[in-house]
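A structural walkthrough
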Amino acid sequence: MATQQQQSAIKGAKVLMVGAGGIGCELLKTLALSGFEDIHIIDMDTIEVSNLNRQFLFRRSHVGQSKAKVARDAVLRFRPHINIKSYHANVKNPEFDVDFFKQFDVVLNGLDNLDARRHVNRLCLAAEVPLVESGTTGFLGQVTVHIKGKTECYECQTKPTPKTYPVCTITSTPTKFVHCIVWAKDLLFAKLFGDKNQDNDLNVRSNNSASSSKETEDVFERAEDEDIEQYARKIYDHVFGSNIEVALSNEETWKNRRRPRPIYSKEVLPESLTQQNGSIQNSSVTDGDATVSAMSSLGLKNPQELWGLTQNSLVFVEALKLFFAKRKKEIGHLTFDKDDQLAVEVVTAAANIRAESFGIPLHSLFEAKGIAGNIVHAVATTNAIVAGLIVIEAIKVLNKDADKFRMTYCLEHPSRKMLLMPIEPYEPNPSCYVCSETPLVLEINTQKSKLRDLVDKIVKAKLGMNLPLIMHGASLLYEVGDDLDDIMVANYNANLEKSLSELPSPIVNGSILTVEDLQQELSCKINVKHREEFDEEKEPEGMVLSGWTPSPATNGESASTSNNDDAVDVTEISTGSENASKKRRLTEIQPDDHKKEAENVDSGDDDIMEIENPMMVSKKKKRVA
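Analysis parameters
Residues numbered from 1 in each chain as written. Predicted model: local features only at pLDDT ≥ 70, side-chain atom pairs only at ≥ 80, totals over all residues. Heavy atoms only, no water. Helix = DSSP H or I, 4+ residues; strand = E, 2+ residues; numbered from the N terminus. Buried < 20%, exposed > 50% of the residue type's maximum accessible area, 1.4 Å probe, protein only. Contact = heavy atoms within 4.5 Å. Areas by Shrake-Rupley, 256 points an atom, 1.4 Å probe, with all protein chains shown as cover. Pairing = 2+ DSSP bridges. Axes fitted to C-alpha atoms, helices over the stretch in contact; angles between N-to-C directions. Phe/Tyr/Trp six-rings, centres within 6.5 Å; stacked < 30°, edge-to-face > 60°. Parallel < 35°, antiparallel > 145°, perpendicular 65-115°, else oblique. Left-handed = near helix turned anticlockwise from the far one by under 90°. Nonpolar A, V, L, I, M, F, W, Y, C, P; charged D, E, K, R; others polar. Expected span 1.5 Å × (residues − 1). Bend = angle between axes of the 7 residues up to and from the residue. Polar contact = N/O pair within 3.5 Å; in protein donor to acceptor, adjacent residues only side chain to side chain. pLDDT = per-residue confidence, 0-100. Salt bridge = Lys/Arg side-chain N within 4 Å of Asp/Glu carboxyl O.

Let us look at the overall build of the chain. For the chain, the helix and strand inventory stands at 18 helices and 16 strands. Within the chain, the proportion of its 625 residues that are buried is 51%. Looking at the chain alone, contacts between residues at least 24 apart form 68% of all its contacts between residues at least 6 apart. Carbon and sulfur atoms make up 48% of the accessible area of the chain, which amounts to about 28,800 Å² in all.

As structure tokens, this is what we get:
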């Protein structure tokens, strides 16, 4: 039961919730029932049918509407006297700046991706507003408290990045189904429906030795008068037939590998599919309707059914036909979205056909979607538990009970007869480039790498900056913003295409760059180290950023990811002195059959599975005294 002081703090608090999905629905309900009377919610998503099984504030009639608005309306029906303001928007929009965050007493995160989490973390640091972070993945969950200068920030511990694979493995020698998924999603789908000017490692040229100059043009270019089905078959024969034959011509590659089998459409499909299903002519969907589905057109109903080669081929061709017949306006601008049914069908079918060619076991659409979206089964109960823990920590924050703050982890299996593992927070990591302003080190070939590579691969992808500004000494090399004139924009765009050493203020070995994001009020320095060569398999990006990893652990224990795959997290037992502190993995205090590996997956709500954030605890340093 809350004390009078706690009740007063709760009623007077102004709270910002970011995310109104799996955790968010539970959190808003719990906040309202706990006495909070001024709640603001930001969420850019709309409600989908797939959300209804666990996001209990939504009903079928709400499909297509704003999650934030519908959640607000639902809670106000049983708590009409409180103030709830909803924003159907992206938290990274410029209106949600530092001044916006400063009006709140605490920020509660229920987000579904790493990029947005990092953005909110930085705004909370700049605004000096406490942040309660959370996440769930299946039966695992976590709630952590972050207060500037007192506890570590969200980015004090390096978050695992999604696994990358060498290009040569993806394009030529896949051995796992995930290789086929990456090929289908990042190469084939991107080439078919994405930006045509973007670099792509997919072979697009005809290998017909007798071909004319016309036939050697990009196979993926479709003429205006070209029949859709014939175009789909042409693509099929090129990527699953001709390209495989080209790969087979390199005998050296297959000396110690299983040789793939070229597959052509005439081997698995009837001469004409139009009369067989007539889907396009008979479909009632309108141009641009994202609900169109090849499965529906072909009468396939069960996403967990394992399709054979013929069914996958039918789905692939049918999906391409539907994209060009019903969603033509989107072609050239699409990126893969796990919530786009037709996109998932294309990727699943293409991955399975490629897997069949390379002798790799096939997977159902249900399984393929999980791999493509890095998602795991949703457990509504975990969301409810985590929401309750968020509110408990928020109340402690409002009452300034710093000695009672806890990072709490939900376990799948009991440890010491407990499913909840509370741990004291840790001090800020002195090596954190976000809250401790520690310089980073970038190894890069300054003569070959362009400024665009630095911006895309490091500043945006790794440092998570949205509106970056890059300076070398007093020279401004790159900037993003609406207030730039045309001449400045042209100059910065020209700089993007120059190698680092050719810039107006050349970046060479020993250069120190200042990189800022004015929206996040974040600034860091990067020390540049020139390096000639990089290992293509181990360092596929051709550059290495360091200095943003956790500080080395004591007692000779590595601060990088443990070689013990079963190590879920690390706890620290203090014995009275800093030097005598010890660390223990959960696996050392759990029965062996209860070991559980935490995967690095980060995705949003899905109609099959859901994950809000990985259950992952890095090796820690000192706890808050």
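Moving on, we come to the sheet that holds strand β11 (residues 475–479). Strand order across the open sheet formed by six strands is β11-β10-β12-β13-β9-β14, with mixed pairing between neighbours. Looking at strand neighbours, the two that pair on one side only are β11 and β14 (543–546), the edges of this open sheet. Between one strand axis and the next, the sheet turns through 25° on average, direction left out of account. The strands touched by helix α17 (residues 451–460) within the sheet are β9 (440–444), β10 (468–472), β11, β12 (512–517) and β14, with β10 carrying the most contacts at an inclination of about 125°.

Once that is clear, we can look at the sheet that holds strand β6 (residues 140–146). One open sheet accounts for eight strands, arranged β3-β2-β1-β4-β5-β6-β7-β8; its pairing is mixed. On the outer flanks of this sheet lie β3 (83–87) and β8 (418–423), each paired with one strand and no other. Along the sheet, successive strands turn relative to each other by an average axial angle of 20°, direction set aside. Two elements, strand β5 (residues 131–137) and β6, share seven bridges in a ladder whose sense is antiparallel. Counterpart to V132 in the pairing with β6 is V145. Lying over the sheet, helix α5 (residues 114–127) contacts β1 (15–18), β4 (106–109) and β5, oriented at roughly 165° with respect to β5.

Further remarks concern the environment of L442. You can see L442 is positioned in strand β9. On the accessibility criterion, L442 (1% relative accessible area) is buried. Considered as a pair, L442 and I458 are 16 residues apart in the sequence and their alpha carbons are 8.9 Å apart. Not counting residues up to four positions away in its chain, the partners in contact with L442 are L454, I458, I526, N527, V528, K529, M543, V544 and L545.

It is worth spelling out the packing of aromatic side chains at this point. Taken as a whole, this structure holds 17 aromatic pairs when the rule is applied. For the ring pair F100 and F104, a centre distance of 5.3 Å and an interplane angle of 65° mean the geometry is edge-to-face. The exposure classification of F100 matches that of F104, with both residues buried. Judged by centre distance (5.0 Å) and plane angle (70°), the rings of Y231 and F324 are edge-to-face. You can see Y231 sitting in helix α8 (residues 228–248) and its partner F324 sitting in helix α13 (residues 309–326), a full 93 residues away along the chain.

At a closest axis distance of 11 Å, the pairing of α8 and helix α14 (residues 341–357) adopts a crossing angle of 25°. For the element pair α8 / α14, the angle class is roughly parallel. The chirality of how α8 crosses α14 is right-handed. Contact residues: α8 offers Y236, F240 and I244, while α14 offers A350, I353, R354 and S357. Its residues assigned to classes, the contact of α8 with α14 comprises five nonpolar, one polar and one charged.

Okay, the environment of P80 next. Considering the arrangement of structural elements, one finds P80 in the loop between α3 (67–76) and β3. Along the backbone, P80 and A32 are 48 residues apart, and their C-alpha atoms lie at a distance of 10.0 Å.

Before going further, it helps to examine α8. Given a rise of 1.5 Å per residue, 21 residues ought to cover 30 Å, and the 29 Å separating the end C-alpha atoms of α8 matches this to within 8%. At H238, α8 is deflected by roughly 40°, the largest bend along its length. Measuring from the side-chain oxygen of the N-cap residue of α8 to the backbone nitrogen of E229 gives 3.1 Å; that N-cap residue is D227.

A word on the confidence of the model for the chain. Detailed conclusions should not be drawn from predicted coordinates in areas where pLDDT is low. Of all residues in the chain, 79% attain a pLDDT of 70 or more, and the chain-wide mean is 81. Low confidence marks residues 209–215, where pLDDT is under 50. Its contacts with residues over four positions away, or in another chain, come to five contacts. This stretch, residues 549–620, has a pLDDT under 50; its non-local contacts, to residues over four places away or in other chains, come to 201 contacts.

With that settled, consider the pairing of β8. As paired elements, strand β7 (residues 407–415) and β8 share five bridges and run antiparallel to each other. Residue pairing in the sheet places S415 in a bridge with M418 of β8.

Time to look at the pattern of salt bridges. Taken as a whole and judged by the stated rule, the model has 23 salt bridges. Close ionic contact of K29 with E26 constitutes a salt bridge, the shortest N to O distance being 3.3 Å. Remark: E26 and K29 occur in helix α2 (residues 22–33); sequence separation between them is three residues, near one turn of the helix. Under the relative-accessibility criterion, K29 is labelled partly exposed at 22%. What makes E26 buried here is its relative accessible area of 9%. Where R327 meets D340, a salt bridge forms, and the shortest distance between an N and an O atom there is 2.7 Å. Remark: D340 occurs in the loop between α13 and α14 and R327 occurs in the loop between α13 and α14; sequence separation between them is 13 residues. Each of the two residues, R327 as well as D340, counts as buried. Overlapping salt bridges, with partners in common, bring together E229, R233, E318 and K321 in one network.

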